[in-house]
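Observations on chain architecture
What follows is the residue order along each chain.
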Amino acid sequence: MTGAGISAESGLPTFRGKDGLWEDQPVQEVATPRGFARDPALVWRFYSARRAAADSARPNAAHLALAELERSMGDRFLLATQNVDGLHQAAGSERVIELHGSLWRTRCSRCQRPSFEDRRYPVAPPLPVCDVCTEPGVDAALLRPAIVWFEEMLDPDDQGEVVRFLRRADAERAPLLFLAIGTSGIVYPAAAYVRYAKELGAGTWLANLERPENDWAFDHVVEGPATAVVPAMLGLAGS
Ligand code: OAD
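A closer look at the pattern of salt bridges
Under the definition given, this model contains 14 salt bridges. When the shortest N-O distance is used, the salt bridge between Arg168 and Glu172 registers 3.3 Å. Accessibility expressed as a relative area gives 29% for Arg168, which makes it partly exposed. The partner of Arg211 in a salt bridge is Asp215, with the nearest N and O atoms 2.9 Å apart. Judged by relative accessible area, which is 21%, Asp215 ranks as partly exposed. Salt bridges here are not isolated pairs; linked through shared partners, they connect Arg51, Asp118 and Arg120.

Regarding the nonpolar core
In terms of nonpolar packing, the biggest core is built from 22 residues, with Trp22, Ala31, Phe46, Tyr47, Leu103, Ile147 and Trp149 touching the most fellow members. For this core, the secondary structure elements donating two or more residues are helix H2 (21-24), helix H3 (27-30), helix H5 (40-56) and strand E3 (101-108). Among the elements that take part in this core, H5 stands out by supplying 7 residues, more than any other. Sequence-distant contacts of Phe46, defined by excluding residues within four places in its chain, comprise Leu21, Trp22, Gln25 and Val30. Membership of the second largest hydrophobic core comes to 21 residues, among which are Ile97, Phe178, Ala202 and Ala217.

Quick notes on the sheet that holds strand E5 (residues 143-147)
Spatially, the 3 strands line up as an open sheet ordered E4-E3-E5, and their pairing is antiparallel. Looking along the sheet, the strands with just one partner apiece sit at the ends: strand E4 (116-117) and E5. Of the strand pairs in this sheet, E3 and E5 are connected by 4 bridges, and their pairing is antiparallel. Bridge assignment links Arg107 to a residue of E5, and that residue is Arg144. Of the strands in this sheet, E3 and E5 are in contact with H5, which crosses E3 at around 140°.

A closer look at unusual backbone geometry
With an omega dihedral of 0°, the bond running from Pro125 to Pro126 counts as a cis peptide bond. Note on placement: Pro126 falls in the loop between E4 and E5. Here the bond from Tyr188 into Pro189 is cis, since omega is 5°, no more than 30 degrees from zero. Along the polypeptide, Pro189 turns up in the loop between strand E6 (177-181) and helix H9 (193-199). Positive phi, close to 35°, is recorded for Asp139, a residue that is not glycine. Within the element layout of this structure, Asp139 appears in the loop between E4 and E5. Take Asp139: its relative accessible area is 56%, and that puts it in the exposed class. Phi is positive for Arg173, which is not a glycine, with a value near 50°.

A short note on the packing of helix H6 (residues 61-73) against helix H10 (residues 226-233)
Viewed as axis vectors pointing N to C, H6 and H10 meet at an angle of 20°, and their least axial separation amounts to 7 Å. By the criterion of interaxial angle, the relationship of H6 to H10 is roughly parallel. Where H6 crosses over H10, the two elements pack in a sense that is left-handed. Contacts between H6 and H10 involve Ala61, Ala62 and Ala65 on the former and, on the latter, Ala226, Thr227, Val230 and Pro231. Among the residues forming the contact of H6 with H10, the class breakdown is 6 nonpolar, 1 polar and no charged.

Considerations on the site of the ligand
The environment of the ligand is made up of 23 residues, and the closest members are Phe15, Arg16, His100, Thr183 and Ser184. Trp22 is positioned such that a nitrogen or oxygen atom in its side chain is 2.9 Å from an oxygen atom of the ligand. Gln82 is positioned with one of its backbone polar atoms (N or O) 3.2 Å from an oxygen atom of the ligand. When isolated, the ligand has an accessible area of 800 Å², and the protein chains bury 94% of it. When the residues that make up the shell around the ligand are grouped by side-chain class, the tally is 10 nonpolar, 10 polar and 3 charged.

Comments concerning the sheet that holds strand E8 (residues 220-223)
Strand order across the open sheet formed by 3 strands is E6-E7-E8, with parallel pairing between neighbours. Two strands in the sheet have a free side with no partner beyond their single neighbour: E6 and E8. The average undirected angle you get between the axes of adjacent strands in this sheet is 15°. The sheet contact formed by strand E7 (residues 203-208) and E8 spans 4 bridges and is parallel. Paired with Ala207 across the two strands is Val222, which belongs to E8. Against the sheet, H10 contacts E6, E7 and E8, and its axis sits at roughly 150° relative to E7.

Quick notes on the rules
Residues numbered from 1 in each chain as written. Predicted model: local features only at pLDDT ≥ 70, side-chain atom pairs only at ≥ 80, totals over all residues. Heavy atoms only, no water. Salt bridge = Lys/Arg side-chain N within 4 Å of Asp/Glu carboxyl O. Buried < 20%, exposed > 50% of the residue type's maximum accessible area, 1.4 Å probe, protein only. Core = buried A, V, L, I, M, F, W, Y, C linked by side-chain atoms within 4.5 Å. Helix = DSSP H or I, 4+ residues; strand = E, 2+ residues; numbered from the N terminus. Contact = heavy atoms within 4.5 Å. Pairing = 2+ DSSP bridges. Axes fitted to C-alpha atoms, helices over the stretch in contact; angles between N-to-C directions. Parallel < 35°, antiparallel > 145°, perpendicular 65-115°, else oblique. Left-handed = near helix turned anticlockwise from the far one by under 90°. Nonpolar A, V, L, I, M, F, W, Y, C, P; charged D, E, K, R; others polar. Near = heavy atom within 4 Å. Polar contact = N/O pair within 3.5 Å; in protein donor to acceptor, adjacent residues only side chain to side chain. Areas by Shrake-Rupley, 256 points an atom, 1.4 Å probe, with all protein chains shown as cover.

So, in structure tokens, the structure goes:
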């Protein structure tokens, strides 16, 4: 399970703490459906800036170490990320669940059309509108970033996949190891997976710059920057 801390050394700011994204941009303005209804141009400017930052960022040694681990473990490995930057996939990870959506996808704010890949950078009106549910000239539905905002539900299929994976290990009596990297453990339900894994007998590890909110849920906490700690933990130091 990864959070914003794993991408910090790729140059992408985390959310909380000093210089965090939520420092100068209140969450409710840019990361809630109400914020989007109030000022969609502000929201698009925020996410277009994040698209641009993610586009110029490159995966770091921690992302690469997880991709290498997946290559050796195959389907006994699953990566659930709260990140929306696409850096795990850029590093070569394939078994990735993007719990909070993706910066690189857009969806309709009104209809249920599936989200689609979108590398545009809207910043000001006219903002992009849905060509599926909008009739020309009538009651336009705006497109929006396919991010799971506060007050919204995670995709039940994504949650189901994480839970199925953990249960499968339990059913097969396979040793289970839960490793969280670079996450403050504040945002649920992502922060609860460690507890569920623990109930199923998992050994629980955390690699983080500092002790997080939910540190009691971990058997082992290794403090330090992800690019140093993660490759070393996985026995890939120097690779
Ligand atoms: P946070 O910003 O809450 O926490 C990032 C964590 O990473 C902190 O505990 C830092 O100490 C740690 N950290 C910073 N730099 C690090 C480094 N180089 N190596 C290791 N750890 C480092 O980010 P998340 O936990 O990912 O949701 O936040 C969870 C969710 O809250 C996000 O997905 C986002 C946010 O609101 C949405 O936008 C929907």
